[in-house]
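What follows is the residue order along each chain.
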Amino acid sequence: MSNGVLVDVSKCIGCRSCVTACKSWNDLPDRTAQNTENWDAPLQMDSDTWTQVNYNLVGQGTQRKWRFVKRQCMHCDEPACESACFTHSFLKTKEGAVIYKPTELNEDYCVGCRYCMIACPFDIPKFQYEKTFPYVQKCRFCYDRMTDGNKRPACVSACPTGALKYGEKEALLAEGWKRINGNAQYVKHVYGEKEYGGTAWMYLSDVPFEQLGFKVNVTERSIPSYTWQVLKWTPYIFVGWGALLTAMRLYTKGQSQAHDVEEMYEPVDPK
Amino acid sequence: MSKARNWSFRITWFRLLLILFVLGAVAAALYRFYYGLGAVTNLSDRWPWGLWIGFDLLCGIALAGGGFSTALIVHVLHKDKYLPIARAALLTSMIGYIISLISLFLDIGRWYNFWRPFFYWGFHSVLFEVFWCIAVYTTVQILEFGDIFFEKVNCPPLKKVLGALMTPLLILGIVLPSLHQSSLGSLYIVAVDKLNPLWWSMLIPFFFVWSAFFLGPAMVTIEGTLAARAYRREAELPVFQSLTKVTLWMMIIYFIVKIVDLNYRGVMSLAFNGSYESNMFLFEIIVFVLLPIFMYAIPSIRNKLWGVLTASILVVVGVVFNRMNVVFTGMAKSVGGQYFPSFWEFLITIGMWSFLILFYCFVVENFPILAKEEHVSHGSGIPSKPGVPA
């Protein structure tokens, strides 16, 4: 059974209880807030901040309104980070969480190359640059709670308005479409149903997703499938190219005059 | 053979300066290992890869492309007229790879885990292929170099073993770089929707390996000219001229495939929309692809040392420019934020390239790498000018 969360943007009031719950459950240090033109809170995600709420002022004139979007790891069905990692340090568990094995399962294979950060289409993995031996950090879907009697993630349990709903992914998707079809105010799209091959966290909204800072019109193929399309040729190229080169070397050998290579070169005398 | 000659390394003021850079870089590297990446680099969550990966690794490996293209031409196709440059190409390539491995080691956060990828078969990762190929290919090059090493250092049994291994080593020494030069491009396939479509393509592995290959002859031309100047020898102009044919035809194919690929994906218009990316792309294609194609194609330019050298410099700078566009220009819009390397990142980079020059000088002065003077074709019309002291 794979779990997910359905986020209903139209129900979010931007209280950031989820952010506080995340910091508190995962024992993450807080950072001093900065006053800027940007209303997002916290301002950005980092290695100690695994979720944030984006504040978007949308619409015109009297229709002007705030919409708040909680951001965190989307927990892709086929994660780019998992496929990009050459030490298997990320894992999509059968419960639906994408976890980082060095901190979650105490399997310290990560070399800290940060290719996962290049690979992630949502720019989620963050790095502890200030540490001598940094870990990659990101939302872990409260994997400890999930495996402990399938408890809801800390953020979901803290949500006072029901904007976040935890459950079995397929059931949540069905419920999402039921809400969309039962209420004309929703955009007819569940973000995360198909994006990058599907994600465990899915969003409903009454405002077009592009106005909320979502990447829209993205590929519906999973990212690992792109990579594999190229990588699967590796063994054939290795054998085929190697055989071709060997054949060419043997074929042209006869045309070559014998050279005494040892007589051909000499050390340079630095005058 | 001057086996009798002892080891020598002349110290000049220029070399002393390079040694200072190397020492500075070593100190900065030790500091980085102890205090972490944040203490010395300007890398951030938005820019996880910077100067060391973008320049030292991606460009360093590409610039070392002279090794495998020369090996293919000389040892597989047996084009003997290129033998005089074969060893110099191997040497530069080998040092380039060693530098790339060092910069990779510097760049990884949890460096004590560097050996892990050998044992965790992440074959679904492009980086896995890159890591294995680069590591094995560096070993192969060191073994190939061993054959030269034992011409000076007498050890008949080892020399014999290496001699017997030479054919498989040479073949591996072409197959492995072909694979990872393309894989360095495939690394960015994962960045679909992040890397600007002018550079993102399913063909990016082809573009990377193809450009690394045609860059080879250009790099050999530059190295050869520099070495000739430094050691007051005559540049191997006929070899360079003849090699331009390889680069010329490969660049024409590169250009055609690039245009077809852009049209096929329907993103050609992006090249002309006046954005920063489009200008950088046009600059890359016009100045660093089309211009050298014309310079190589016109005999009166190609047959002069300045002509072939200028065109070759354009080719080499063009490949570096292309890699920089992939790593920085093409990614900037999607990741946001700013990145400019710190002083320490520059120092370590400069130190590593200084090491390359010093090591090259040491090896060619002590081992039979460059062709004997009487093998050099005369009548090239290039007077050996009083050179820069290397």
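What counts and what doesn't
- Residues numbered from 1 in each chain as written.
- Chains lettered and ligands numbered in written order.
- Predicted model: local features only at pLDDT ≥ 70, side-chain atom pairs only at ≥ 80, totals over all residues.
- Helix = DSSP H or I, 4+ residues; strand = E, 2+ residues; numbered from the N terminus.
- Rg over C-alpha atoms; globule rule 2.2 N^0.38 Å.
- Buried ≥ 20, exposed ≤ 12 C-beta atoms within 10 Å, placed from the backbone.
- Contact = placed C-beta atoms within 7 Å.
- Axes fitted to C-alpha atoms, helices over the stretch in contact; angles between N-to-C directions.
- Parallel < 35°, antiparallel > 145°, perpendicular 65-115°, else oblique.
- Left-handed = near helix turned anticlockwise from the far one by under 90°.
- Nonpolar A, V, L, I, M, F, W, Y, C, P; charged D, E, K, R; others polar.
- Pairing = 2+ DSSP bridges.
- pLDDT = per-residue confidence, 0-100.
- Expected span 1.5 Å × (residues − 1).
- Bend = angle between axes of the 7 residues up to and from the residue.

**Quick look at the overall build of chain A**
Phase 1: Assigned secondary structure in chain A consists of 10 helices and 10 strands.
Phase 2: Against the globule reference of 18 Å for 271 residues, chain A gives a C-alpha radius of gyration of 25 Å, more extended than a compact globule.
Phase 3: Each principal axis of the C-alpha distribution contributes one length, and for chain A these read about 85 × 45 × 45 Å.
Phase 4: Counting every position in chain A, which comprises 271 residues, the buried fraction comes to 39%.
Phase 5: When contacts within chain A are restricted to residue pairs at least 6 apart in sequence, those whose partners lie at least 24 apart make up 59%.

**A look at the packing of helix α3 (residues 51-63) of chain B against helix α13 (residues 343-366) of chain B**
Residue and element names in this part refer to chain B.
Phase 1: With their axes 11 Å apart at the nearest point, α3 and α13 run at an angle of 10° to one another. The angle between the axes of α3 and α13 places the two elements in the roughly parallel class. For the crossing formed where α3 meets α13, the hand is right-handed. On α13, the residues touching Leu-51, Trp-52, Phe-55 and Asp-56 of α3 are Glu-345, Thr-349 and Met-352.

**Topic: the environment of Lys-79 of chain B**
All names here are of chain B.
Phase 1: Note that Lys-79 resides in the loop between α4 (65-76) and α5 (83-107).
Phase 2: It is 20 Å that separates the C-alpha atoms of Lys-79 and Glu-373, two residues lying 294 residues apart in sequence.
Phase 3: Apart from the residues within four sequence positions on either side, Lys-79 is in contact with Ile-73 and Val-74.

**Quick look at the interface of chain B and chain A**
Phase 1: Listed by partner, the interface residues are 65 residues for chain B and 62 residues for chain A.
Phase 2: Those elements giving two or more residues to the side of chain B that touches chain A turn out to be α1 (13-35), α2 (37-40), α4, α5, α6 (126-152), α7 (156-186), α13 and β1 (370-371) of chain B.
Phase 3: If one sorts the elements of the side of chain B that touches chain A by residue count, α7 of chain B sits on top with 7 residues.
Phase 4: By residue class, the composition of the side of chain B that touches chain A is 36 nonpolar, 15 polar and 14 charged.
Phase 5: Sheet topology note: the strand β10 (residues 265-266) of chain A/β1 of chain B ladder contains 2 bridges and is antiparallel. Each bridged residue has a counterpart across the sheet, and for Tyr-265 of chain A the counterpart in β1 of chain B is Ala-371 of chain B.

**Regarding the sheet that holds strand β8 (residues 164-168) of chain A**
Residues and elements named next belong to chain A.
Phase 1: Taken in spatial order, the 3 strands of this open sheet run β8-β1-β9, and their pairing is mixed. The open sheet terminates on both sides in strands that have one partner only, identified here as β8 and β9 (201-204). Pairwise comparison of adjacent strand axes, ignoring direction, gives a mean angle of 25° for this sheet.
Phase 2: Running over the sheet, helix α7 (residues 169-182) touches β1 (3-8), β8 and β9 and is turned about 130° from β8.

**A few points about the pairing of strand β3 (residues 65-71) of chain A**
All names here are of chain A.
Phase 1: Among the 7 residues of β3, 5 are classified as buried, and the element is accordingly described as predominantly covered.
Phase 2: Where strand β2 (residues 52-58) lies against β3, 7 bridges are found, and the strand directions are antiparallel. The residue of β3 that forms the bridge with Gln-52 is Arg-71.
Phase 3: Hairpin connection, β2 to β3: the antiparallel pair is bridged by 6 residues, and Gly-59 has positive phi, about 85°.

**As for unusual backbone geometry**
Residue and element names in this part refer to chain A.
Phase 1: Unusually for a residue other than glycine, Asp-27 sits at a positive phi of about 55°.
Phase 2: One can find Asp-27 in the loop between α1 (17-25) and β2.
Phase 3: With 7 C-beta atoms packed within 10 Å, Asp-27 lands in the exposed category.

**A look at the packing of α7 of chain B against helix α8 (residues 204-230) of chain B**
Residue and element names in this part refer to chain B.
Phase 1: Relative to each other, α7 and α8 sit at 130°, their axes nearing to 7 Å. Comparing their axes, α8 and α7 come out oblique. Remark: the crossing between α7 and α8 carries right-handed chirality. Taking contact as the criterion, the partners of Ser-178, Gln-181, Ser-182, Ser-183, Leu-184, Gly-185 and Ser-186 in α7 are, on α8, Ile-204, Pro-205, Phe-206, Phe-207, Phe-208, Val-209 and Ala-212.
Phase 2: Residues of the contact of α7 with α8, tallied by class, amount to 8 nonpolar, 6 polar and no charged.

**Some details on the confidence of the model for chain B**
Phase 1: Scored by pLDDT, chain B has a mean of 87; 94% of the residues are at 70 or more.
Phase 2: Within chain B, the element-level pLDDT minimum falls on β1 of chain B, averaging 85, and the maximum on helix α10 (residues 276-297) of chain B, averaging 94.

**Notes on α8 of chain B**
Residue and element names in this part refer to chain B.
Phase 1: For α8, spanning 27 residues, the distance from its first C-alpha to its last is 37 Å, which sits close to the expected 39 Å at 1.5 Å a residue.
Phase 2: Largest kink in α8: about 35°, centred on Gly-216, with the proline Pro-217 one to four residues after it.
Phase 3: Most of α8 sits inside the fold, with 22 of its 27 residues counted as buried.
Phase 4: In the stretch just after α8, Arg-232 is the one whose phi turns positive, near 50°.

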